[in-house]
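Coordinate inspection notes
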Amino acid sequence: PSAWRQQQAEAAQAEAGLAAEAEAEAAASRGAAEKLSKAAAKGSDAKSKALESARKEEKKAADKAAKLRAELLTAEEALAAATADTATAEVEARVAGDEATAQAAALQARDAKLQTAAALAADKAAAAAAAEAEATEKRLFSFPPGGKKKR
């Protein structure tokens, strides 16, 4: 019986030793797991910070791009407005030129009419003067200075 007890005691001792070893291994594993967990948390935190920073940079870039697009649109609108203004000014200048040309043509026509009328008036005046001179000559011829009419 004592051999059996000794075997039982040795077995219990071996079992206790194995249990203690297993407990030590488990504790070491837990420690390693905690270290890994902390490292992972730090890594995760760093990753989160990096992601957040990247998001901020991306938003800054997007905002800058939107601002540049808006400035470009404004510049394009200003260019379009200036082009439209130029076209309007060209049309107005053309119309004003056409009006000035038409006025000049009307003035020339009026001037030509006036010159024609003046020439006609001069012709009539000359004709009237000639007729009056002829009538005067006939009167003088008909009644010569002696009072006797010639036949």
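The structure under discussion appears in the preceding block.
Residue positions are counted from 1 within each chain, in the order its sequence is given. Where local features are concerned, this predicted model is filtered to residues with pLDDT of at least 70; where side-chain atom pairs are given and counted, the filter is 80 or more; whole-chain, interface and lining totals use all residues. Hydrogens and water molecules were not included; the side-chain quantities draw on all heavy atoms of the structure.

Notes on the overall build of the chain
Only DSSP runs of H or I covering at least 4 residues are called helices, and only runs of E covering at least 2 are called strands; the numbering of each starts at the N terminus. Each helix and strand counted, the chain has one helix and zero strands in total. Restricting the calculation to C-alpha atoms gives the radius of gyration, and the globule rule supplies 2.2 Å times the number of residues raised to the power 0.38. Relative to a compact globule of 151 residues, whose C-alpha radius of gyration would be 15 Å, the chain shows 63 Å and is clearly more extended. Its C-alpha atoms put the chain at 210 × 15 × 5 Å along the principal axes. Counting only residues that meet the buried cut, the chain has 1% of its 151 residues in that class. Charge separation in the chain, taken as the distance between the mean sites of 24 positive and 24 negative side-chain charges, equals 14 Å. Buried residues are those whose accessible area, probed at 1.4 Å on protein chains only, stays under 20% of the maximum for their type, while exposed residues exceed 50% and partly exposed ones sit between those limits. Note on charges: Lys and Arg go in the positive column, Asp and Glu in the negative column, and His and the chain ends are not counted at all. For the purpose of locating charges, the reference atoms are NZ of Lys, CZ of Arg, CG of Asp and CD of Glu.

Considerations on the pattern of salt bridges
The term salt bridge refers to a pairing of a side-chain nitrogen on Lys or Arg with a carboxyl oxygen on Asp or Glu at a separation within 4 Å. Applying the stated rule across the entire model yields six salt bridges. The salt bridge involving Arg30 is made with Glu23; its shortest N-O contact spans 3.3 Å. The partner of Glu57 in a salt bridge is Lys60, and the shortest N-O contact between them spans 3.8 Å. Highlighted residues: Glu57 and Lys60, both in helix H1 (residues 2-142), separated by three residues, approximately one helical turn.

Points about the environment of Ser2
By the secondary structure assignment, Ser2 is in helix H1. Assessed through its relative accessible area of 60%, Ser2 is described here as exposed. Along the chain, Ser2 and Thr83 lie 81 residues apart, while their C-alpha atoms are 116 Å from each other.

Observations regarding the environment of Lys35
Position of Lys35 among the secondary structure elements: in helix H1. For the pair Lys35 and Ala105, spaced 70 residues apart in the sequence, the C-alpha separation amounts to 102 Å.

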